[in-house]
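# A look at the structure
So you can see what is in the structure, the chains are spelled out below.
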Amino acid sequence: MKIENEELQKSSKIINDMYCYYNSKVVGQANLGFSLIVAMITNGHILLESVPGLAKTTAAKVITESVNGQLSRIQCTPDLMPSDIIGTQIYNMATNTFENKIGPVNANFVLLDEVNRSSAKTQSAMLEAMQERAITIGGESYKLPDVFVVIATQNPIEQEGTYVLSEAQMDRFLLKVDLTYPNFAEEKEILNRIEADVFRDVKSVATVEDIVYLQNLCKRVYIDDVIKDYIINLVQATRNTKNILPPELSQYVSMGASTRAAIAFMEAAKAVALMNGRPYVIPDDIKQMRYSILRHRITLNFAAIADNIKVETIIDAIFNQVKTP
């Protein structure tokens, strides 16, 4: 069904209001705000990676406030159990029966702080929730909210007491965003805003129902077969780097992206088109999301680490080799 101008105008206002609210609270980190809104529109999950203190948790709280959503923050530690996230059965002495108690995963936005500090067993407990959008306790299945976004954070520097996320877990994140330090002007503005206590005033500029509206509208954004072919060519190129890239770069790639990358490109590109006020996808929408979608899906070998080769370098090289429609 064709998207009407009135629908585009309504979606643009909702998106603009959320982005303005985000910018009023968070200094810099424009790509983070953009990516969080993309995740909301696609109902996808996002992994944030940076050293501590770069507003990962703050951004998650702010974006939740903007739509008056329910936020659950889970601080991941090595002793965190799957039942602490999903829920468990509680014995009721009054009725002499077991009752199912749903955990903090039952929220619109679930912030998994320092996800790589939780054990592999606990990390895998989120797989069903992230993929199926449902949880199972005591043999009973519970559907999670219509708007369900997992925002996970991790610190790439510290290795002691951490558990590296498996490829299967990483692949279930629609986007991965790497954050960098603010510049001088941004850091001074952060101090000014903290002094002015800008976080005291909390107000929603949209609703969860508005996000559902955007999600339904996003599904109707038109994507031509030519763009789909472009996506497939890009994803398949990550698996055949020896035939695409020069030997000095292809030697660093040990595994390419899965089909989930192609799905992520299509869904994210539709969201980007909607954010730009268009009812159709163009190749630039694909290119804009290339790092966030591929950086955690292309696996580099130890030689790349030794030679300080970044995955973004490989991604750019692939995009330069694949013809743009």
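This one's a predicted model, so the numbers in the text were calculated from it and none came from an experiment. (Residues numbered from 1 in each chain as written. Predicted model: local features only at pLDDT ≥ 70, side-chain atom pairs only at ≥ 80, totals over all residues. Heavy atoms only, no water.)

### A short note on the packing of aromatic side chains
Taken as a whole and judged by the stated rule, the model has three aromatic pairs. The ring of Tyr213 carries Lys10 above its face, with NZ or CZ at 4.1 Å from the centroid. (Phe/Tyr/Trp six-rings, centres within 6.5 Å; stacked < 30°, edge-to-face > 60°. Lys NZ or Arg CZ within 6 Å of the ring centre and 35° of its normal.)

### Some words on the packing of helix 8 (residues 208-219) against helix 12 (residues 259-275)
A pair of packed helices is captured by two measures, namely the crossing angle of their axes and the spacing between those axes. The geometry of helix 8 relative to helix 12 is characterised by a closest axis approach of 9 Å and an angle of 110° between their N-to-C directions. Of the possible angle classes, the one that applies to helix 8 and helix 12 is roughly perpendicular. Crossing of helix 8 over helix 12 shows right-handed handedness. Between helix 8 and helix 12, the contacting residues are Leu214, Leu217, Cys218 and Lys219 on the first element and Glu267, Lys270, Ala271 and Leu274 on the second. When its residues are assigned to classes, the contact of helix 8 with helix 12 shows five nonpolar, no polar and three charged. (Axes fitted to C-alpha atoms, helices over the stretch in contact; angles between N-to-C directions. Helix = DSSP H or I, 4+ residues; strand = E, 2+ residues; numbered from the N terminus. Parallel < 35°, antiparallel > 145°, perpendicular 65-115°, else oblique. Left-handed = near helix turned anticlockwise from the far one by under 90°. Contact = heavy atoms within 4.5 Å. Nonpolar A, V, L, I, M, F, W, Y, C, P; charged D, E, K, R; others polar.)

### Looking at the layout of surface pockets
The calculated volume of the largest pocket comes to roughly 1,200 Å³. Going through the elements one at a time, helix 6 (167-171), strand 9 (175-178), strand 11 (299-300), helix 15 (302-306) and helix 16 (311-321) are the ones with two or more residues in the lining of the largest pocket. Its residues placed into classes, the lining of the largest pocket shows 15 nonpolar, 12 polar and 10 charged. In this structure, the second largest pocket encloses a volume near 550 Å³. Lining the second largest pocket are 24 residues, with Thr42, Asn43, Gly44, Arg133 and Glu267 sitting closest to its centre. Broken down by secondary-structure element, the contributors of at least two residues to the lining of the second largest pocket are helix 2 (30-42), helix 5 (120-132), helix 8 and helix 12. The biggest single contributor to the lining of the second largest pocket is helix 12, with six residues. Here the lining of the second largest pocket is composed, by residue class, of nine nonpolar, seven polar and eight charged. (1 Å grid on protein atoms, 1.4 Å probe; cavity = no way out; pocket = protein on both sides within 12 Å on 5 of 7 lines; lining within 4 Å. Points joined across faces, edges and corners; volume = space filled by probe spheres on them.)

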